[in-house]
Amino acid sequence: MASVNGGKILVAEDNIINQILAEDLLTQAGFEVVIAENGKKAVELVEAVKFDLILMDLQMPEMDGFEATRIILETQPGQHPPIIAMTANALTRDRERCIGAGMVDHIAKPIDPDVLFDTLLKWIPDGDAGPNSIESNSIESNTTDDAFVCLAGIDIDAGLARMNGSQELYTTVLKQFFQDHSTDDQIIARAISQNDIPLAQRTAHTLKGVSGGIGAKALYDSAQNVETAIKDDQLDRLEPFMESLTRELSLVVKDLEEKIMAQALGGTEEIRHSAIDMEKLQRLMNDFERMAREMDPDMDGKAKQIHRLLERHDSPLKKISGTLWGFAEDFDFKQALGTLEELKCELDR
Ligand code: MN
């Protein structure tokens, strides 16, 4: 890609999923990418290699992004590449703190490819490439017509958008999520019982970030609640948050295991729902969704009707509707809504 002219970008980021994502997006755009998994490594690399820009995560083990920025500014006054912060919070306060620390800009995680490229355009030194040489639209979207597999608790459209539409990259990231985060709830619980509060907080923080990245919204919320309670030193409030974290995580993990890790057919399975009265099913699902959002305890009756309808037609989706009914009976509203998402997604194909 002649327009970019080989800019070299250092990505300081401890989260492996964000590493994969940033590297893929930037490499595709013609940049050379070097990854540092903590601030200390970033400082060492900046001393040894000339970079055109640094993307700096703020929360990293060993040395965080603020400390790394401070050292880079101190050792290379006026000569260091522009440093752009990547943070999980899009708050003005964070932005101001980053600017105050000497970073030139700030992008929110999970990274939106368009925002990333707009920001790079602003800060990459022109060099030989000339101004405006990186066009966001030079990054081709990888969107294909094949539907991605439906996943409980995950908004796959949101997740895919973060991967620039690449199903292949999304699959890689989901597999990585499964491998690295399946038992994060247990890690947090154990850390708390052993009074290792920093580990508990860091694990919740990372889980929050990657959940947002893959489109697992309810899990993101749960992880955020846990992180906040730990950060605010309100461990006595933690139990319900932890319970919901475990539920959200197991919903996501179970489906990833069955559909992504096994890679069974990759969503090619033909689903027969022609014989079903779709209008009726749609109505039942709409009613159910409304009831679940209103936390109506009678929602299990609707779930039962949905399940019976699919069962009667021996639809392959009866497994999902059975799960839905189970959650409805347990008054587990969030899980029920997550499962309804999956059902709707399957019916859409
Ligand atoms: Mn981090």
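Our structure's up above, just so we're on the same page.
Keep in mind that what you see is a predicted model, and the values were worked out from it rather than measured.

Participant: Can you explain unusual backbone geometry? Please cite residues and give values.
Facilitator: Even without being a glycine, E62 presents a positive backbone phi close to 70 degrees. Mapped onto the secondary structure, E62 falls in the loop between strand 3 (53–57) and helix 3 (65–75). A positive phi angle is found at M295, which is not glycine, with a value near 55 degrees. Topologically, M295 is positioned in the loop between helix 12 (278–293) and helix 13 (299–312).

Participant: Explain the sheet that holds strand 5 (residues 105–108) to me, and be specific about the residues and the numbers.
Facilitator: The parallel open sheet is built from 5 strands, whose spatial order is 2-1-3-4-5. The open sheet terminates on both sides in strands that have one partner only, identified here as strand 2 (32–36) and strand 5. Put simply, the sheet's adjacent strands are angled 20 degrees from each other on average, direction ignored. Relative to strand 4 (residues 83–87), strand 3 is paired through 4 bridges, and the arrangement is parallel. Bridge pairing links L55 to I84 in strand 4.

Participant: Please give an account of the nonpolar core that cites residues and values.
Facilitator: By size, the foremost hydrophobic cluster in this structure holds 72 residues, and its most contacted members are L10, A12, I54, L55, M56 and V252. Residue contributions to this core peak at 8 residues, all from helix 11 (residues 238–261). Taken together, domain 1 (8–138) and domain 2 (156–267) each give at least three residues to this core, which thus spans both. Setting aside residues no more than four positions away along its own chain, M56 makes contact with A12, G65, A68, T69, I83, I84, A85, M86 and M103. The next biggest cluster of nonpolar side chains, apart from the first, holds 19 residues, and it includes L281, M285, M291 and I306.

Participant: Help me get a handle on the packing of helix 1 (residues 16–28) against helix 9 (residues 197–214), residues and values and all.
Facilitator: Interaxial distance between helix 1 and helix 9 falls to 9 Å at its minimum, and their mutual angle equals 40 degrees. When the interaxial angle is binned, helix 1 and helix 9 end up oblique. On helix 9, the residues that touch I17, N18 and L21 of helix 1 are G209, V210 and G213. Here the contact of helix 1 with helix 9 is composed, by residue class, of 3 nonpolar, 3 polar and no charged.

What counts and what doesn't
- Residues numbered from 1 in each chain as written.
- Predicted model: local features only at pLDDT ≥ 70, side-chain atom pairs only at ≥ 80, totals over all residues.
- Helix = DSSP H or I, 4+ residues; strand = E, 2+ residues; numbered from the N terminus.
- Pairing = 2+ DSSP bridges.
- Axes fitted to C-alpha atoms, helices over the stretch in contact; angles between N-to-C directions.
- Core = buried A, V, L, I, M, F, W, Y, C linked by C-beta atoms within 7 Å.
- Buried ≥ 20, exposed ≤ 12 C-beta atoms within 10 Å, placed from the backbone.
- Domains from an automatic or database assignment.
- Contact = placed C-beta atoms within 7 Å.
- Parallel < 35°, antiparallel > 145°, perpendicular 65-115°, else oblique.
- Nonpolar A, V, L, I, M, F, W, Y, C, P; charged D, E, K, R; others polar.

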